[in-house]
Amino acid sequence: MTTISLRKGNTRLPPEVNRVLYVRNLPFNITSEEMYDIFGKYGAIRQIRIGTNKDTRGTAFVVYEDIYDAKTAVDHLSGFNVANRYLIVLYYQPMSLSISHRSLLSAC
């Protein structure tokens, strides 16, 4: 499997960039294996948490080992079509999520 890398010397990243991504608009029946196939192309993944209850279905958290891999995934997968749904891939911002989504991440 090939991975796409963003590393270019001493690249300075914006402050909102981090290793944890928040993914919305996922098909409700997506599996962990499919998530690893989609997001694993951009680097090593530490963990994926897929929402399963009524409030968190269609969402997931993807945690990369490297911040540059996370940035590359956001750049390439925002708007990516999965089962006729366009993914919304954002950097995790703790204050902007509802309590049910924060509890999903706290289990990581």
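Above this note sits the structure.
Here goes a summary of the coordinates provided. (Residues numbered from 1 in each chain as written. Predicted model: local features only at pLDDT ≥ 70, side-chain atom pairs only at ≥ 80, totals over all residues. Heavy atoms only, no water.)

Attention shifts here to the overall build of the protein. A tally of regular secondary structure across the protein gives three helices and six strands. Ordered by position from the N terminus, the helices and strands of the protein form the series β-α-β-β-α-β-β-β-α. The 108 residues of the protein split such that 41% are buried. Within the protein, counting contacts between residues at least 6 apart in sequence, those at least 24 apart form 70% of the total. Here the protein displays about 6500 Å² of accessible surface, and carbon together with sulfur accounts for 51% of that area. (Helix = DSSP H or I, 4+ residues; strand = E, 2+ residues; numbered from the N terminus. Buried < 20%, exposed > 50% of the residue type's maximum accessible area, 1.4 Å probe, protein only. Contact = heavy atoms within 4.5 Å. Areas by Shrake-Rupley, 256 points an atom, 1.4 Å probe, with all protein chains shown as cover.)

Those residues of helix α1 (residues 32-39) that fall on the buried side of the exposure criterion are M35, I38 and F39. One face of α1 carries all of its buried residues, which in axial projection span an arc of 80°. Facing away from the buried side of α1, by more than 90 degrees, are the exposed residues E33 and D37. (Arc of directions from axis to C-beta.)

Turning to the sheet that holds strand β6 (residues 88-91), a few remarks are in order. The antiparallel open sheet is built from four strands, whose spatial order is β2-β3-β1-β6. Lying at the two open borders of the sheet, with one neighbouring strand each, are β2 (45-50) and β6. Each strand of the sheet is rotated relative to its neighbour by a mean of 20°, with strand direction disregarded. Where strand β1 (residues 20-24) meets β6, four bridges bridge the pair, whose relative direction is antiparallel. By the bridge assignment, V23 is partnered in β6 with V89. Contacting β1, β3 (60-64) and β6, helix α2 (residues 67-77) runs over the sheet at an angle of about 150° to β6. (Pairing = 2+ DSSP bridges. Axes fitted to C-alpha atoms, helices over the stretch in contact; angles between N-to-C directions.)

With that settled, consider α2. Burial analysis of α2 places eight of its 11 residues in the buried class, which makes it a mostly covered element. Buried within α2 are the following residues: Y68, D69, A70, K71, T72, A73, V74 and L77. Looking at the buried positions of α2, the neighbouring elements they touch are β1, α1, β3 and β6. One side-chain oxygen at the N-terminal end of α2 lies 2.9 Å from the backbone nitrogen of Y68; it belongs to D66. Of the residues one or two after α2, G79 is the one with positive phi, at around 90°. (Polar contact = N/O pair within 3.5 Å; in protein donor to acceptor, adjacent residues only side chain to side chain.)

Our focus in this paragraph is the pattern of salt bridges. Following the criterion strictly, the structure yields two salt bridges and no others. Note that E65 is salt-bridged to R46, the shortest N-O span being 3.0 Å. Here E65 is found in the loop between β3 and α2, whereas its partner R46 is found in strand β2, with 19 residues between them in sequence. For E65, a relative accessible area of 38% corresponds to the partly exposed category. Across the pair D75 and K71 runs a salt bridge, and its minimum N-O distance is 3.0 Å. On the criterion of helical spacing, the pair formed by D75 and K71 is a turn pair, its members being four residues apart in helix α2. Here D75 falls in the partly exposed class, since its relative accessible area comes to 43%. (Salt bridge = Lys/Arg side-chain N within 4 Å of Asp/Glu carboxyl O.)

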